[in-house]
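The lines below spell out each chain.
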Amino acid sequence: MTNSITRRSALALAASLLAATSLASGAHAQDEGIVVYNAQHESLGREWIDAFTKETGIKVTMRQGSDMQFANQIIQEGDASPADVFLTENSPAMTLVDGAGLFAPVDKATLDQVPAEYRPADGMWTGIAARSTVFAYDKRKLTEDKLPKSMLDLADPAWKGRWGAAPAGADFQAIVSALLQLKGEEATAAWLKGLKDNATPYKGNSVALKAVNAGEVEGAIIYHYYWFGDQAKTAENSANVGLHYFKNQDPGAFVSISGGGILKSTQHMKEAQAFLKFIAGKAGQAILKDGTSYEYAVSGESNAKLVPLKELNAPKVEASELNSKKVVEMMTAAGLI
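Residues numbered from 1 in each chain as written. Predicted model: local features only at pLDDT ≥ 70, side-chain atom pairs only at ≥ 80, totals over all residues. Heavy atoms only, no water.

## With respect to the overall build of the protein chain
Link 1 in the chain: Helix and strand content of the protein chain: 11 helices and 10 strands.
Link 2 in the chain: Considering only C-alpha atoms, the protein chain reaches an extent of 105 × 40 × 30 Å along its principal axes.
Link 3 in the chain: Counting across all 337 residues of the protein chain, residues that qualify as buried make up 51%.
Link 4 in the chain: When contacts within the protein chain are restricted to residue pairs at least 6 apart in sequence, those whose partners lie at least 24 apart make up 76%.
Link 5 in the chain: Carbon and sulfur atoms form 53% of the exposed surface of the protein chain, whose accessible area is close to 15500 Å². (Helix = DSSP H or I, 4+ residues; strand = E, 2+ residues; numbered from the N terminus. Buried < 20%, exposed > 50% of the residue type's maximum accessible area, 1.4 Å probe, protein only. Contact = heavy atoms within 4.5 Å. Areas by Shrake-Rupley, 256 points an atom, 1.4 Å probe, with all protein chains shown as cover.)

This is the structure in structure tokens:
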């Protein structure tokens, strides 16, 4: 009898220890969460992460950086990358990582949330937001009839010294990538020469916007949301500025896709896929619609203040073929970066 009780007690103790070990292991896995390399705006990345964690309980660690910084870092890290998810402002960085074979396929349920024009054909990443190219112009100096009909017109000597851009940034290089795909190398090289000859370089879209507002230049190529963001605050850097949308499938009507992808080396595939599905889905896109990023939602409705995507008449661009490496080479050769 005593031996039987002892054996039962020992078995019960063993079972208890095994259960405790399993619980501890599960808690550790949950606490570990996922790591996101975020090249999107930090405030937007944080909003997405906080909402996701609140809904799922999955912890997310965010590391902040820039498009190409993280793309090159991921390639260097290879299968040893600590990142589970990569988010960008523009798609060329996604193409770079995809070309290195470092992304896992995105779940079909996630892809199905996003219209085909806002994600690459290969399904290795997906669009999560979008931004439109615009010509921000000084309303005191330019009337509608004096605005450029095409972005390509800005290479004309008539525009010398009258406009600006931020050529060193990933935002502008994405625009040039689209131009290269749409018009080819010869036309792109000619336009870059015109850019070098005619435009004043600035360090970022917000600086270029401020320069237009101050009357330093008559206009600048930027993304739309810099103007909307400033208008929503004090408008101190945009009070004198209007936005010109080129439309007509002009290269200057290019809509750049912000991307999200999952590293195939992740040890947390289920959680990573869930995060990407969340931000590309109804809840994540509602943060774009109702928040202050003023970026376009790629699935669902965008902020009511924005010109609807369907009205922009943007050119058709295959996001997975935007060539950042070639663009950097061409812009370097043109003396722009």
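Let us keep going from here.
## Observations regarding the pattern of salt bridges
Link 1 in the chain: Enumeration over the complete set of coordinates arrives at nine salt bridges.
Link 2 in the chain: Between Lys326 and Glu185 there is a salt bridge, with the nearest N and O atoms lying 3.3 Å from each other. Remark: Glu185 occurs in helix α6 (residues 170-198) and Lys326 occurs in helix α11 (residues 324-333); sequence separation between them is 141 residues.
Link 3 in the chain: For Asp197, the salt bridge is made with Lys193, and the minimal N-O distance between the two is 2.9 Å. In this pair, Asp197 and Lys193 both sit in helix α6, four residues apart, roughly one turn of the helix. (Salt bridge = Lys/Arg side-chain N within 4 Å of Asp/Glu carboxyl O.)

## Comments concerning the packing of aromatic side chains
Link 1 in the chain: Taken as a whole, this structure holds 11 aromatic pairs when the rule is applied.
Link 2 in the chain: Note on Phe135 and Trp159: the rings are 5.9 Å apart at their centroids and 85° apart in plane angle, and the pair reads as edge-to-face. Placement of the pair is Phe135 in strand β5 (residues 126-138) and Trp159 in the loop between β5 and β6 (163-165), with a sequence separation of 24 residues. Trp159 shares its class with Phe135; the two are buried.
Link 3 in the chain: Judged by centre distance (6.1 Å) and plane angle (20°), the ring pair of Phe172 and Trp191 falls under stacked. An identical accessibility class is assigned to Phe172 and Trp191; each is buried. (Phe/Tyr/Trp six-rings, centres within 6.5 Å; stacked < 30°, edge-to-face > 60°.)

## As for the pairing of strand β2 (residues 60-64)
Link 1 in the chain: In the sheet, strand β1 (residues 34-38) pairs with β2 via five bridges, with the strands oriented parallel. Note that in β2 the partner of Asn38 across the bridge is Gln64.
Link 2 in the chain: Remark: the β1/helix α2 (residues 42-56)/β2 crossover connection has right-handed handedness. (Pairing = 2+ DSSP bridges. Right-handed = clockwise from strand over helix to strand, strands pointing away.)

## Describing the packing of helix α9 (residues 269-280) against helix α10 (residues 282-290)
Link 1 in the chain: At their nearest, the axes of α9 and α10 sit 4 Å apart, and the two run at 45° to each other. Classified by the angle between their axes, α9 and α10 sit oblique to one another. Side by side, α9 and α10 meet where Phe278, Ile279 and Ala280 of the first sit next to Ala283, Gly284 and Gln285 of the second. (Axes fitted to C-alpha atoms, helices over the stretch in contact; angles between N-to-C directions. Parallel < 35°, antiparallel > 145°, perpendicular 65-115°, else oblique.)

## Examining the nonpolar core
Link 1 in the chain: The biggest cluster of nonpolar side chains holds 77 residues, and the ones touching the most others in it are Phe86, Phe135, Trp163, Phe172, Trp191, Leu195 and Ile221.
Link 2 in the chain: Considering every element that reaches this core, the biggest residue donor is α6, with 10 residues.
Link 3 in the chain: The residues contacting Trp163, other than those within four sequence positions of it, are Phe135, Leu154, Trp191, Leu195, Asn198, Ala199, Thr200, Val217, Gly219 and Ile221.
Link 4 in the chain: In terms of nonpolar packing, the next biggest core, distinct from the first, is built from 24 residues, Val106, Phe275, Phe278 and Ala297 among them. (Core = buried A, V, L, I, M, F, W, Y, C linked by side-chain atoms within 4.5 Å.)

## Describing α2
Link 1 in the chain: Counted at 1.5 Å a residue, the expected span for α2 with its 15 residues is 21 Å, and the 21 Å between its end C-alpha atoms agrees.
Link 2 in the chain: Residues of α2 that are buried make contact with β1, β2, β3 (85-87), β5, α9 and α10.
Link 3 in the chain: In the segment just after α2, Gly57 is the residue with positive phi, at about 80°. (Expected span 1.5 Å × (residues − 1).)

## Observations regarding the confidence of the model for the protein chain
Link 1 in the chain: Per-residue confidence for the protein chain gives a mean pLDDT of 91, with 91% of residues at or over 70.
Link 2 in the chain: Residue range residues 1-30 is modelled with pLDDT below 50. Its contacts to residues more than four positions away, or to other chains, number two contacts. (pLDDT = per-residue confidence, 0-100.)

## Side note on unusual backbone geometry
Link 1 in the chain: Residues other than glycine seldom take positive phi values, yet Ala235 does so here, at roughly 65°.
Link 2 in the chain: As for its position among the elements, Ala235 is in the loop between α8 (224-232) and β9 (241-244).
Link 3 in the chain: On the accessibility criterion, Ala235 (16% relative accessible area) is buried.
Link 4 in the chain: Phi angles above zero are rare outside glycine, and Tyr294 is one such case at about 60°.

## Overview of the side chain of Glu218
Link 1 in the chain: Within the secondary structure layout, Glu218 lies in the loop between α7 (205-213) and β8 (219-223).
Link 2 in the chain: On the basis of relative accessible area, Glu218 is assigned to the buried category, the value being 18%.
Link 3 in the chain: Beyond its immediate chain neighbours, meaning those up to four positions away, Glu218 contacts Ala136, Tyr137, Asp138, Lys141, Leu142, Trp159, Arg162 and Val212.

## Examining the environment of Tyr137
Link 1 in the chain: Topologically, Tyr137 is positioned in strand β5.
Link 2 in the chain: For Tyr137, a relative accessible area of 14% gives the class buried.
Link 3 in the chain: Placed 84 residues apart in sequence, Tyr137 and Ile221 show a C-alpha to C-alpha distance of 8.9 Å.
Link 4 in the chain: Once you skip the residues sitting within four places of it in the chain, Tyr137 turns out to touch Leu142, Leu147, Val212, Glu218, Gly219, Asn240, Val241, Gly242, Leu243 and His244.

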